[in-house]
Amino acid sequence: MSSQRNGFLKESFILSVDVGTSSIRSHVYDREANIRGTCSTKVVLLYPEVGHVEMEPDMLWRGFISVVKGAVQDAGVHMRQISALGISTLRGTFTTWDRRTSVPFHNFISWQDQRAAELVKSWNTSCTMTAIRGVMKLVYSLTRQKRSLAASLIVFSTQHVTFRLVWALTHSKQARQAIEEGNCCFGTIDTWLIYKLTKGVFHPLCSEGSDGFLCYLVSLPMSILPTMADQQAAMFGECCFDVGDVKITMGTGTFMDINTGNEPHTSLAGLYPLVGWKIGSEVVYLAEGNAADTGTAVKWAQELDLFTDVGETSAMAASVSDSDGVCFVPSFSGLQAPLNDPKACASLMGLKPSTTKRHLVRAILESLSFRNKQLYDIMLRETSIPITKIRVDGGVSSNDFVMQLTADLFGRKVARPQHHDMSCLGAAFVAGLVVDIFGPK
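Quick caveat, the model's predicted, so the values are computed rather than measured.

(A) Focus on the nonpolar core. Counting 40 residues, the largest nonpolar core has V246, I248, M256, L365, L368 and I390 as its most contacted members. Looking at this core, the elements with two or more residues in it are β12 (245-250), β13 (254-261), α10 (295-303), α11 (313-318), α12 (357-383), β18 (389-393) and α13 (400-410). For this core, the leading source of residues is α12, giving 10 residues. For V246, the contacting residues outside a window of four places in its chain are C240, M256, D257, I258, M379, I387, K389, I390 and R391. Residues L85, L90, F108 and Y195 belong to the second largest nonpolar core, which totals 36 residues.

Pasting the structure below:
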């Protein structure tokens, strides 16, 4: 797609932004999906109390605008050459804000946050849930439907937004008052960004003297501001379009997804069904399992001075034949499928006088691959879908030791792309489909 302006033929581009747990990245893509410009910034996580993980909304917004501007400038193109903006965001992270003033009542509460752990525990052990499980077991005994059996085993976790939202409303008098007045808005990060962007249409954001770049951005029709959740976007970016295609994203956490086609999967061990995407009338579903502390474990080890540069870790791990009996459990935010224990603690075991930094690094990296193996085995056992291909992305996927051990444990080839920002690419693909930029000239 190209456009004629002032007598010159100017190429059109897709702008894509991925808002992750640890960073915000933006790329400008041409019609061949080549990256023409890029910009990124770190996300500052706040830990106000033990188990609390937060992000400051206005800082996130400023970071978003900063990387968008930076990517366009790095590409050397004009903002008017941007045909569409695709947005990918992390899931399960939310805030509430005043409809009248747009002021948040509290910081974003992250998907890793554990503040609702006691509330989750009380629900999981409640008489209500015990009764529901008992009834569904009875229904299963009569119908033999797998969905009924899954309902009899349901266990809530702190990753469910509902419980953290209840906590936030319980502890925010302003939010409760706004609810009574009908002025309380709730949203995840994608909702917040769209809210901030679309206010430019009817708000003095684009009044005289305001940022012209931002005014153009918010003037884009909503039809070319598609948003996707990060894992679905990465699945799309990896072109996992066929049933049995598997994508593993190893970033702050690990997320393993399998394309289950036009039917959602019913799990008994902690996988959860997702809508992958809808194109036309066709809906594609995914089944997903996750491990919350992948990049988190690597960053923690770096802060302990086990190594200086993350790039050193693969060689460090390979420099010893084994971990000298040391085992690491990567569970700073509990353990997800198949163990589903939100109270599990991270731990190092098997330490001895002969243990070195290299042994510790190897044990930590091995634990990430072992969690991959756990998720892979569940996926094979539960879905009974023949796996056609496995593709990996995310920052941790650049670690050769982790990827080779993962492939060895799987007993099959694992493909790693040249670029790791598949969430950005997936959002760009979807935005490009809307404006037909990737079609023939």
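(B) Up close: the packing of aromatic side chains. Summed over all chains, the structure comprises 15 aromatic pairs. Where F94 meets F186, the ring centres are 5.6 Å apart and the plane angle is 55 degrees; that geometry is what we call tilted. A residue pair is termed long-range when its members are at least 10 positions apart, and F94 in strand β8 (residues 94-98) and F186 in strand β10 (residues 184-188) qualify at 92 residues. Here R115 stacks its cationic end above the ring of W167, 4.6 Å away from the centre of that ring.

(C) Looking closely at the sheet that holds strand β15 (residues 282-291). A sheet is described by the order of its strands in space; here 5 strands give the open sequence β14-β15-β13-β12-β18, paired in mixed fashion. Where the open sheet ends on each side, the last strands, each with one partner, are β14 (272-279) and β18. The average undirected angle you get between the axes of adjacent strands in this sheet is 25 degrees. Pairing of β13 with β15, which is carried by 7 bridges, proceeds in the antiparallel orientation. From the neighbouring strand, M256 faces β15, where its bridge partner is G289.

Rules and cut-offs
- Residues numbered from 1 in each chain as written.
- Predicted model: local features only at pLDDT ≥ 70, side-chain atom pairs only at ≥ 80, totals over all residues.
- Heavy atoms only, no water.
- Core = buried A, V, L, I, M, F, W, Y, C linked by side-chain atoms within 4.5 Å.
- Buried < 20%, exposed > 50% of the residue type's maximum accessible area, 1.4 Å probe, protein only.
- Helix = DSSP H or I, 4+ residues; strand = E, 2+ residues; numbered from the N terminus.
- Contact = heavy atoms within 4.5 Å.
- Phe/Tyr/Trp six-rings, centres within 6.5 Å; stacked < 30°, edge-to-face > 60°.
- Lys NZ or Arg CZ within 6 Å of the ring centre and 35° of its normal.
- Pairing = 2+ DSSP bridges.
- Axes fitted to C-alpha atoms, helices over the stretch in contact; angles between N-to-C directions.

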